[in-house]
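Each chain is listed here by its residues.
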Amino acid sequence: TGAVGLYNLGQSCCLNSLLQVFLMNIRFTGILRRITVPPCAVQRRMNVPYQMLLLLEKMQCGKRKAVRPTELACCLSAHRVELFVQHDASQLLLHLWNLIKKQMKNVMLVGELSDLYTICMEEHLACQNCSFEIKSRSRMLTLPLPVLDSNSQRLKSLEDCLRYFFRPEELTGQNMCFCQQCGRKTPFLQSMKLVHLPQTLTIHLKRFCFGKSSNTYKLSHYLPFPRDLDFNRVLTENQCQADDNEKAAWQYGLFAVVAHSGSANSGHYCAYIRSLTECKWYCFNDSEVCQVSWDDVKCTYGHSNLHWGETAYLLIYMKKDPQ
């Protein structure tokens, strides 16, 4: 089934969960299997994609229920990924991604990897006094969605979070921008427009927040997310900067959930992943792997009164096959 666990090496639950999300994605492993193997032993020990490939083969070649990702962990440690500490899944994902992309020497594979995961956005800044407008495009690995609005009110669903993220925002008062055409600071309207969505889309639910005393706390409230997500039904025409062919492919099915249990300062990660070959859901909890139902996955929606309960933190969606 490919559902093989990873032993916890000491606070490595976050790393284990992210590795499972990467290695259970057959499109990612299809790229990984075509990397250029480094020529000497020292380079192989220091190469993250190669060590991920070795780990994948170790997971697939035996009948063990779990394997130890020791060599990969040592490789990551050499690249300043700290071991035996608490990690934030969104930050560690970005660190892993940058290392993988940097160490893949084949330009074509790097392009395929970017196409697989990279989101493209366009920011619009429009002066409210004249016609002056600034447009700038950016690429990102995750879509960081707030779970509270500007009045600290809870957003009620993933679709609400998406609509809130793409809403236009007036920049007034101290937030005014300098207008080259007016020659002074004026009110601006800021908006984000979606240009391109990748085959594998990662959504980051911003459940960790800073309090008034700069302490980090976790928002555990109920926030449902769908199994099927059609961006054309969520966003308006004004929130998109894409042609019809691009938007026709914006239909997604949920592939994985990286869930966090515990507080902001002390907790545990596990991953719920849908096997692309079996279409069954599995829970990867370090070395323990078991088949679960959709109702089990829905338990990660959150609950304000269950602070230790599992809460979805990263949602990974995959484009639906048009066939």
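Residues numbered from 1 in each chain as written. Predicted model: local features only at pLDDT ≥ 70, side-chain atom pairs only at ≥ 80, totals over all residues. Heavy atoms only, no water.

In the annotation of an unreviewed UniProt entry, the entry for the protein chain reads UBP18 hydrolase, and the organism field reads Furnarius figulus.

Enquirer: A description of the pairing of strand β14 (residues 251-262) should follow, citing residues and the corresponding values.
Expert: A large share of β14 lies buried, amounting to eleven of its twelve residues. Where strand β13 (residues 228-230) meets β14, three bridges bridge the pair, whose relative direction is antiparallel. Bridging across to β14, D230 finds its partner in Q251. Note that β14 and strand β18 (residues 311-319) share eight bridges and pair antiparallel. Counted as the bridge partner of A256 is I316 from β18. From the end of β14 to the start of strand β15 (residues 267-274), which pair antiparallel, there are four residues. (Buried < 20%, exposed > 50% of the residue type's maximum accessible area, 1.4 Å probe, protein only. Helix = DSSP H or I, 4+ residues; strand = E, 2+ residues; numbered from the N terminus. Pairing = 2+ DSSP bridges.)

Enquirer: Talk me through the domain arrangement of the protein chain; I want residue IDs and the actual numbers.
Expert: Entries for the protein chain in the domain assignment read domain 1 (1-118) and domain 2 (142-167 + 199-322). Using only C-alpha atoms to locate each centre, domain 1 and domain 2 end up separated by 22 Å. If you look at the interface, domain 1 gives 30 residues, while domain 2 gives 30 residues. Buried surface at the junction of domain 1 and domain 2, summed over both partners, amounts to about 2300 Å²; 63% is from carbon and sulfur atoms. For the domain 1 face of the interface with domain 2, the top three residues by lost area are C13, V21 and M24, together amounting to 20%. Scanning the region where domain 1 abuts domain 2 turns up one salt bridge. (Domains from an automatic or database assignment. Contact = heavy atoms within 4.5 Å. Buried area = accessible area lost by both parts, 1.4 Å probe. Salt bridge = Lys/Arg side-chain N within 4 Å of Asp/Glu carboxyl O.)

Enquirer: An account of helix α4 (residues 48-61) is needed here, citing residue identities and associated values.
Expert: For α4, with 14 residues, the first-to-last C-alpha span of 20 Å sits near the 20 Å given by 1.5 Å per residue. Among the residues of α4, V48, P49, Y50, Q51, M52, L53, L55, L56 and M59 are the ones counted as buried. (Expected span 1.5 Å × (residues − 1).)

Enquirer: Tell me about the packing of α4 against helix α6 (residues 89-103), and please be specific about residues and values.
Expert: Where α4 contacts α6, the axes come no closer than 8 Å and their chain directions differ by 105°. It follows from the interaxial angle that α4 and α6 lie roughly perpendicular. Taken together, the residues of α6 that come into contact with α4 (itself represented by V48, P49 and M52) are L99, I100 and Q103. (Axes fitted to C-alpha atoms, helices over the stretch in contact; angles between N-to-C directions. Parallel < 35°, antiparallel > 145°, perpendicular 65-115°, else oblique.)

Enquirer: Any chance you could break down the packing of α4 against helix α5 (residues 70-78) for me, citing the residues and the numbers?
Expert: Packed helix pairs are characterised by how far apart their axes lie and by the angle those axes make with each other. Axis separation between α4 and α5 bottoms out at 9 Å; the angle between their running directions is 165°. Between α4 and α5, the angle falls in the class roughly antiparallel. Crossing hand, α4 versus α5: left-handed. Across the interface between the two elements, V48, Q51, M52, L55 and K58 from α4 touch E71, L72, C75 and L76 from α5. Grouping the amino acids of the contact of α4 with α5 by side-chain chemistry returns six nonpolar, one polar and two charged. (Left-handed = near helix turned anticlockwise from the far one by under 90°. Nonpolar A, V, L, I, M, F, W, Y, C, P; charged D, E, K, R; others polar.)

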